[in-house]
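Residues per chain, in single letters:
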Amino acid sequence: MNIIFFLIGCSVLIALFFLGAFFWASKNGQHDDTYTPSVRILFDDEPLETEVENDKKATSKT
């Protein structure tokens, strides 16, 4: 029975630690930008330089 009280105490301490970490992150502006992540998928990725160079070589040969 004593181990149950010990485990409950440990879980409450861990929960308080994560709650404190969440409030600290919120206070420091971690969750301020809610617009950019929702539209980031709409942006095109920049092509790699090697892919661009290979494409230029392939089009110049034909």
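What counts as what
- Residues numbered from 1 in each chain as written.
- Predicted model: local features only at pLDDT ≥ 70, side-chain atom pairs only at ≥ 80, totals over all residues.
- Heavy atoms only, no water.
- Helix = DSSP H or I, 4+ residues; strand = E, 2+ residues; numbered from the N terminus.
- Areas by Shrake-Rupley, 256 points an atom, 1.4 Å probe, with all protein chains shown as cover.
- Phe/Tyr/Trp six-rings, centres within 6.5 Å; stacked < 30°, edge-to-face > 60°.
- Expected span 1.5 Å × (residues − 1).
- UniProt positions renumbered as here; feature names shortened; annotations may be inferred.

The name an unreviewed UniProt entry assigns to the protein is Cytochrome oxidase maturation protein Cbb3, from the organism Sphingobacterium cellulitidis.

Student: Any chance you could break down the overall build of the protein for me, citing the residues and the numbers?
Tutor: In terms of regular secondary structure, the protein is built from 3 helices and 0 strands. Taken from the N to the C terminus, the helices and strands of the protein come in the order α-α-α. For the protein, the exposed surface amounts to about 6200 Å²; the carbon and sulfur share of it is 65%.

Student: How would you summarise the packing of aromatic side chains if you had to cite specific residues and measurements?
Tutor: Scanning the entire structure with this criterion turns up 2 aromatic pairs. Ring centres 5.7 Å apart and planes at 55° place the aromatic pair F22 and F23 in the tilted group.

Student: Before we move on, could you go through helix α1 (residues 2–27) and cite the residues and values that matter?
Tutor: For α1, spanning 26 residues, the distance from its first C-alpha to its last is 38 Å, which sits close to the expected 38 Å at 1.5 Å a residue. Looking one or two residues past α1, G29 carries a phi angle of roughly 90°, positive in sign.

Student: So what about the UniProt feature "transmembrane region" (unreviewed entry) in the protein? Which residues, and what values?
Tutor: Under the UniProt annotation, "transmembrane region" (unreviewed entry) lies at residues 6–25. Across residues 6–25 one finds 100% helix and 0% strand; the C-alpha atoms that close the span lie 29 Å apart.

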